[in-house]
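# Residue-level structure breakdown
Okay, here's what each chain looks like letter by letter:
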Amino acid sequence: MRYAPTIARLISELGKLPGIGGKSAQRLAFHILSMPEEKVRDLSDSIVLARESVRLCSVCQNYTDTDPCSVCDDPSRDRKTICVVENPRDVSTMERMREYRGLYHVLHGVYSPLQNVGLDSLKLKELITRLQKDNEIREVILATNQTAEGEATAMYIARLIKPSGIRVTRIASGLPMGSDLEFADDITLSKAMRARHEF
Ligand SMILES: [Zn+2]
C-alpha cells in the first residue's frame, strides 16, 4: 500500500467527485493535509452544512435554503414567464446575464434513455402541476441545452404543455450545437433568449 489508509480513503473520496481524476485527487488530498486544522474544519463544515440545509424549492425545484427560494419569493419578478432549465447551474448562468426577470423551473436532468434517465426522474410532474395551479403563467421558455437529449426533452415538454394554451417557446440556436448553457457567454445567451421561437 502506497499511502496510510486514512490518506488513501481521502484520495478515494475526492476522486469520486466529477472532473477529479486520480492525480487531482492526490494533489487535493496532500493540499488538505498541509492546511491548518481549523481551515480543514471550515471546509468540511461548509460541505456538511450546505448538504444538510440546502433542499429543493417546492415551487421551482432549484436548490435553496429557504422555501420558496429567493427568486420565487421576489415580488419584482415577472410571474407570467417560466424558463425551464436542466440544472441549478443553468439558473446561475441565466441570472448572471441580468436580463431575464421571469421565474424558473429546474428539471434536474434531461431525458436520456442511453444513460438510463427516464422522464419519471425529471421534475416534470412538478412543472405540470405548477402550470395547472398557477393561472398567471403565459409563457414557458424551454432552455434545455442544445444537445440531442436537450432537444428531445424540450420537444416532449412542448407537446405536453401545448394543449393548455400556454405559449411555449424554445431559445434560439445561437448557441453552438451540442453545447451547454453554462458555457455560453452572456451576449450569446441573451441573443438566444431574445430570438426564441414558438414551438
Ligand atoms: Zn423557487
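Values in this document were obtained by computation on a predicted structure and should not be read as measured data.

Cut-offs applied
- Residues numbered from 1 in each chain as written.
- Predicted model: local features only at pLDDT ≥ 70, side-chain atom pairs only at ≥ 80, totals over all residues.
- Helix = DSSP H or I, 4+ residues; strand = E, 2+ residues; numbered from the N terminus.
- Buried ≥ 20, exposed ≤ 12 C-beta atoms within 10 Å, placed from the backbone.
- Contact = placed C-beta atoms within 7 Å.
- Core = buried A, V, L, I, M, F, W, Y, C linked by C-beta atoms within 7 Å.
- Expected span 1.5 Å × (residues − 1).
- Arc of directions from axis to C-beta.
- Pairing = 2+ DSSP bridges.
- Right-handed = clockwise from strand over helix to strand, strands pointing away.
- pLDDT = per-residue confidence, 0-100.
- Domains from an automatic or database assignment.
- Axes fitted to C-alpha atoms, helices over the stretch in contact; angles between N-to-C directions.
- Parallel < 35°, antiparallel > 145°, perpendicular 65-115°, else oblique.
- Left-handed = near helix turned anticlockwise from the far one by under 90°.
- Nonpolar A, V, L, I, M, F, W, Y, C, P; charged D, E, K, R; others polar.

### Digging into the overall build of the protein chain
Each helix and strand counted, the protein chain has 7 helices and 7 strands in total. Referenced to the eigenvectors of the C-alpha coordinate spread, the extents of the protein chain come out at roughly 65 × 35 × 35 Å. Across the 199 residues that make up the protein chain, the buried fraction comes to 24%. For the protein chain, contacts bridging at least 24 residues in sequence account for 54% of all contacts bridging at least 6.

### Things to note about the nonpolar core
Core analysis: the largest hydrophobic core is formed by 31 residues, its most contacted members being C83, V84, V85, Y104 and A143. Listed by contribution, the elements that provide at least two residues to this core are strand 3 (81-85), helix 4 (88-97), strand 4 (103-106), helix 5 (124-133), strand 5 (139-142) and helix 6 (148-161). Looking at this core, the element that brings in the most residues is strand 3, giving 4 residues. With residues up to four places along the chain from it excluded, the contact list for C83 reads M94, Y100, G102, Y104, I141 and A143.

### Description of helix 6
Three or four residues apart is the spacing at which side chains of an α-helix point the same way, because the helix has 3.6 residues per turn. An ideal rise of 1.5 Å per residue puts 20 Å on 14 residues; helix 6 measures up with 20 Å between its terminal C-alpha atoms. Among all positions of helix 6, only G150, T153, A154, I157 and I161 are buried. Viewed along the axis of helix 6, the buried residues span an arc of 100°, placing them on a single side of the element. On its buried face, helix 6 is in contact with strand 3, helix 5, strand 5 and strand 6 (167-170).

### Overview of the pairing of strand 5
Relative to strand 5, strand 3 runs parallel, the two being bridged by 4 bridges. Bridge pairing links C83 to I141 in strand 5. Taken together, the 4 bridges between strand 5 and strand 6 define a ladder with parallel strand orientation. In the strand pairing of strand 6, I141 is matched with T169. For the crossover that starts at strand 5, traverses helix 6 and ends in the parallel strand 6, the hand is right-handed.

### Quick word on the confidence of the model for the protein chain
Per-residue pLDDT for the protein chain has a mean of 91; in total, 96% of the residues score no lower than 70. Across the protein chain, strand 4 holds the top mean pLDDT of 98, while helix 7 (residues 186-194) sits lowest at 79.

### Focus: the domain arrangement of the protein chain
Accessible area lost when the parts come together is the quantity often used to give the size of an interface. What the domain assignment reports for the protein chain is domain 1 (5-53) and domain 2 (56-198). Between domain 1 and domain 2, the C-alpha centre-to-centre distance is 33 Å.

### Looking at the sheet that holds strand 6
Taken in spatial order, the 5 strands of this open sheet run 4-3-5-6-7, and their pairing is mixed. For this open sheet the edge positions go to strand 4 and strand 7 (197-198), each flanked by a neighbour on one side alone.

### Structural notes on the packing of helix 1 (residues 5-14) against helix 2 (residues 22-34)
Contact geometry for helix 1 and helix 2: axes closest at 8 Å, N-to-C directions at 125°. One finds that helix 1 runs oblique with respect to helix 2. Once helix 1 is placed against helix 2, the crossing between them reads as right-handed. Between helix 1, through I7, L10, I11 and L14, and helix 2, the contact on the second element is made entirely by A25, Q26, L28, A29 and I32. Residues that form the contact of helix 1 with helix 2 fall into these classes: 8 nonpolar, 1 polar and no charged.

### Quick notes on the pairing of strand 4
The side-chain alternation of strand 4 yields two buried faces, one formed by L103 and H105 and the other by Y104 and V106. Where strand 3 and strand 4 come together, 4 bridges link them in parallel fashion. Bridging across to strand 4, V85 finds its partner in V106. In this region the chain leaves strand 3, passes through helix 4 and returns to the parallel neighbour strand 4; the handedness of that crossover is right-handed.

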